[in-house]
Amino acid sequence: MYYGNYKSCGCLKKECEKNVHDRLHLLNGTCVEWLKHRKNRCDSTSGFRGVYKTKVGKYRVTIGFKGERYQLGTYREFQDAVDARLEAEHLIHDRFLEAYEKWCKRQKEDPKWAEENPLIFDVHQENKIITVETNME
């Protein structure tokens, strides 16, 4: 239903939701746009994304990528927890975006190459150490 320049009853929301997948780039469960424009969540208990205050007053740090959650450790000091999270974001999220941009550039130059060489960006964690493997170094 229209009232001036507004739509009511959820029509506009439904219209926007239909087209959202055309504007987002999803790769293996990761939204490129979300990584580019990530913000702190309003429901964060600590005030920083991926940092959670435990019942005993320490800070647990996690990061998600491609549908997996990686445990980065528990810290006594909030700033140490934030630093660990930022380091992981750089290692995983920022490097993924760099690899994705390189892959997209190469894809535009040579679509046949892109068909034969899908973007590979895998994260591994062993003994709390995170490593990244990519074909776009």
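Look a little higher up for the structure.
Note that this is a predicted model, so its numbers are computed, not measured.

(A) Looking closely at the sheet that holds strand β5 (residues 51–53). The three strands lie next to each other as β5-β6-β7, forming an open sheet whose pairing is antiparallel. Because the sheet does not close on itself, it has two edges, and the strands there are β5 and β7 (68–75). Within this sheet the neighbouring strands show an average axis-to-axis angle of 25 degrees, counted without direction. Here helix α3 (residues 78–109) sits on the sheet and contacts β5, β6 (59–65) and β7; the angle it forms with β6, its principal contact strand, is near 10 degrees.

(B) Summary view of α3. Compared with an ideal rise of 1.5 Å per residue, which puts 32 residues at 46 Å, α3 spans 45 Å between its outermost C-alpha atoms and is within 8% of the ideal. Approximately 35 degrees is the largest bend angle found in α3, and it occurs at Glu-89.

(C) Structural view of the packing of aromatic side chains. A complete count under the given rule lists five aromatic pairs for this structure. Ring geometry for Phe-65 versus Phe-96: centroids 5.2 Å apart, planes at 70 degrees, classification edge-to-face. Residue Phe-65 is found in strand β6, and its partner Phe-96 is found in helix α3; the two are separated by 31 residues along the sequence. Of the two residues, Phe-65 and Phe-96, neither departs from the other in class, the shared state being buried. Aromatic side chains Phe-65 and Phe-121 sit 5.7 Å apart centroid to centroid with 70 degrees between the ring planes, which places their arrangement in the edge-to-face category. Taken together, the residues Phe-65 in strand β6 and Phe-121 in strand β8 (residues 121–126) connect sequence positions 56 residues apart. Phe-121 shares its class with Phe-65; the two are buried. Aromatic rings pair up to connect Phe-65, Phe-96, Tyr-100 and Phe-121 into one cluster.

Reading the values: the criteria
- Residues numbered from 1 in each chain as written.
- Predicted model: local features only at pLDDT ≥ 70, side-chain atom pairs only at ≥ 80, totals over all residues.
- Heavy atoms only, no water.
- Pairing = 2+ DSSP bridges.
- Helix = DSSP H or I, 4+ residues; strand = E, 2+ residues; numbered from the N terminus.
- Axes fitted to C-alpha atoms, helices over the stretch in contact; angles between N-to-C directions.
- Contact = heavy atoms within 4.5 Å.
- Expected span 1.5 Å × (residues − 1).
- Bend = angle between axes of the 7 residues up to and from the residue.
- Phe/Tyr/Trp six-rings, centres within 6.5 Å; stacked < 30°, edge-to-face > 60°.
- Buried < 20%, exposed > 50% of the residue type's maximum accessible area, 1.4 Å probe, protein only.

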